[in-house]
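The primary structure of each chain is shown beneath.
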Amino acid sequence: MTIDTDRFRAELEQIRVRLQSTIEHHDIGNSSLTEEVGELMSSSADNHLADTASETYERELDEGLEDGARAQLRQVDAALARIESGDYGRCEVDGKDIPVERLEAVPWTTLCVEHARALRR
């Protein structure tokens, strides 16, 4: 089977740009939760516990989105490296070709459908 690696490289590079943008948007940096909600906690103004809870929720949501994007970015980078090494499109379990349809659905995959399903059991 011949895979159009140029097409998948271009798609993976576009995904990479989107993920980097997501990471930058949700980047919480090295600030702690206390630093971010400290103003709400220490102020004697009419702040309510719900304000602090909302801020905490937003921060945890951003952190989760950033972590997920970073994990997917590592997978995309690994897929780009496999394209360069000539290993792209091969199942890492049995070395057989991954169907193009699967690569179109999940271009960073390392597993064929059969082994991906087995992993989820």
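Just so it is clear, the structure is predicted and the values come from calculations on it, not from any experiment.

Calculation notes
Residues numbered from 1 in each chain as written. Predicted model: local features only at pLDDT ≥ 70, side-chain atom pairs only at ≥ 80, totals over all residues. Heavy atoms only, no water. Helix = DSSP H or I, 4+ residues; strand = E, 2+ residues; numbered from the N terminus. Expected span 1.5 Å × (residues − 1). Buried < 20%, exposed > 50% of the residue type's maximum accessible area, 1.4 Å probe, protein only. Phe/Tyr/Trp six-rings, centres within 6.5 Å; stacked < 30°, edge-to-face > 60°. Lys NZ or Arg CZ within 6 Å of the ring centre and 35° of its normal. Salt bridge = Lys/Arg side-chain N within 4 Å of Asp/Glu carboxyl O.

Counted at 1.5 Å a residue, the expected span for helix H3 (residues 49-85) with its 37 residues is 54 Å, and the 54 Å between its end C-alpha atoms agrees. Of the residues making up H3, those classed as buried are Thr-52, Thr-56, Arg-59, Glu-66, Ala-69, Leu-73, Val-76, Ala-79, Leu-80, Arg-82 and Ile-83. Looking one or two residues beyond H3, the residue adopting positive phi is Gly-86, at roughly 90 degrees.

The residue Gln-75 is located in helix H3 in this model. You can call Gln-75 partly exposed: its relative accessible area is 40%. Distance in space between the C-alpha atoms of Gln-75 and Trp-108 is 5.9 Å, their sequence separation being 33 residues.

As enumerated under the stated definition, the model contains one aromatic pair in all. Arranged with centres 5.6 Å apart and planes meeting at 45 degrees, the rings of Phe-8 and Tyr-88 form a pair that is tilted. Placement of Phe-8 in helix H1 (residues 5-26) and of Tyr-88 in the loop between H3 and helix H4 (100-105) is noted, with a sequence separation of 80 residues between them. Classification of Tyr-88 by relative accessible area gives buried; the value is 6%. If you follow Arg-7 out to its NZ or CZ, it ends over the ring of Phe-8, 4.6 Å from the centre.

Applying the stated criterion to the full structure yields six salt bridges. Residues Arg-16 and Asp-77 are paired through a salt bridge, measuring 2.5 Å at the closest nitrogen-oxygen approach. Taken as a pair, Arg-16 in helix H1 and Asp-77 in helix H3 lie far apart in primary sequence, 61 residues in all. Under the relative-accessibility criterion, Asp-77 is labelled partly exposed at 29%. Its salt-bridge partner being Arg-70, residue Glu-66 comes within 2.8 Å of it at the nearest N-O pair. Here Glu-66 and its partner Arg-70 are both found in helix H3, four residues apart, which amounts to about one turn of the helix.

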